[in-house]
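# Breakdown of the fold
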Amino acid sequence: MLGSINIDKDTLIKLALNGSPIAKAVALTLLDEMYDGKIIAELKRILKEKQHSNSHLTTLQTV
């Protein structure tokens, strides 16, 4: 898929940070493809870590 798109990494990063929600999603998808899935893997790791942290807080609040 990426081979047919001619856009540089800097532009994709700018779109991922400042674009519309759709532009952000497309830019992140293309960047993730460029980096062999490492971006999505890192986002999943952060989300899992955050969920674990939040579940710990919930446990402390119910005690």
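Up top you'll find the structure we're talking about.
So, a few notes on the structure that sits alongside this text. As the structure is a computational prediction, the values presented were derived from the model and not from experiment.

With that out of the way, let us pick up unusual backbone geometry. Positive phi is not limited to glycine here, since Asp 36 has a value of about 55°. Position of Asp 36 among the secondary structure elements: in the loop between helix H2 (21-34) and helix H3 (38-62).

Leu 12, Ala 16, Ala 27, Leu 30 and Leu 31 form the largest nonpolar core, which has 5 residues in total. At the level of elements, helix H1 (9-18) and H2 are the ones that each hand at least two residues to this core. In terms of residue count, H2 provides more of this core than any other element does, 3 residues in total. Leaving out residues up to four positions away in the same chain, Leu 31 has contacts with Lys 9, Leu 12, Ile 13, Ala 16 and Ile 39.

A separate point is the pattern of salt bridges. Per the counting criterion, the structure on display carries 2 salt bridges. The salt bridge partner of Glu 42 is Arg 45, with a shortest N-O separation of 2.6 Å. Of this pair, Glu 42 and Arg 45 are both found in helix H3, 3 residues apart, which corresponds to roughly one turn of the helix. Looking at Glu 42, the relative accessible area reads 36%, which means it is partly exposed. Put simply, Glu 49 and Arg 45 hold a salt bridge, and the shortest N to O gap is 3.0 Å. With Glu 49 and Arg 45 both in helix H3 and 4 residues apart, the pair spans about one turn of that helix. Ionic contacts of the salt-bridge type, sharing partners, join the residues Glu 42, Arg 45 and Glu 49 into one network.

A few words on the packing of H1 against H2. Between H1 and H2, the least distance of the axes is 7 Å, while the angle of their chain directions is 140°. By the angle between their axes, H1 is oblique relative to H2. By crossing handedness, the relation of H1 to H2 is classed as left-handed. Between H1 and H2, the residues in contact are Lys 9, Leu 12, Ile 13, Leu 15, Ala 16, Leu 17 and Asn 18 and Ala 23, Lys 24, Ala 27, Leu 28, Leu 30, Leu 31 and Met 34, respectively. When its residues are assigned to classes, the contact of H1 with H2 shows 11 nonpolar, 1 polar and 2 charged.

Criteria and cut-off values
Residues numbered from 1 in each chain as written. Predicted model: local features only at pLDDT ≥ 70, side-chain atom pairs only at ≥ 80, totals over all residues. Heavy atoms only, no water. Helix = DSSP H or I, 4+ residues; strand = E, 2+ residues; numbered from the N terminus. Core = buried A, V, L, I, M, F, W, Y, C linked by side-chain atoms within 4.5 Å. Buried < 20%, exposed > 50% of the residue type's maximum accessible area, 1.4 Å probe, protein only. Contact = heavy atoms within 4.5 Å. Salt bridge = Lys/Arg side-chain N within 4 Å of Asp/Glu carboxyl O. Axes fitted to C-alpha atoms, helices over the stretch in contact; angles between N-to-C directions. Parallel < 35°, antiparallel > 145°, perpendicular 65-115°, else oblique. Left-handed = near helix turned anticlockwise from the far one by under 90°. Nonpolar A, V, L, I, M, F, W, Y, C, P; charged D, E, K, R; others polar.

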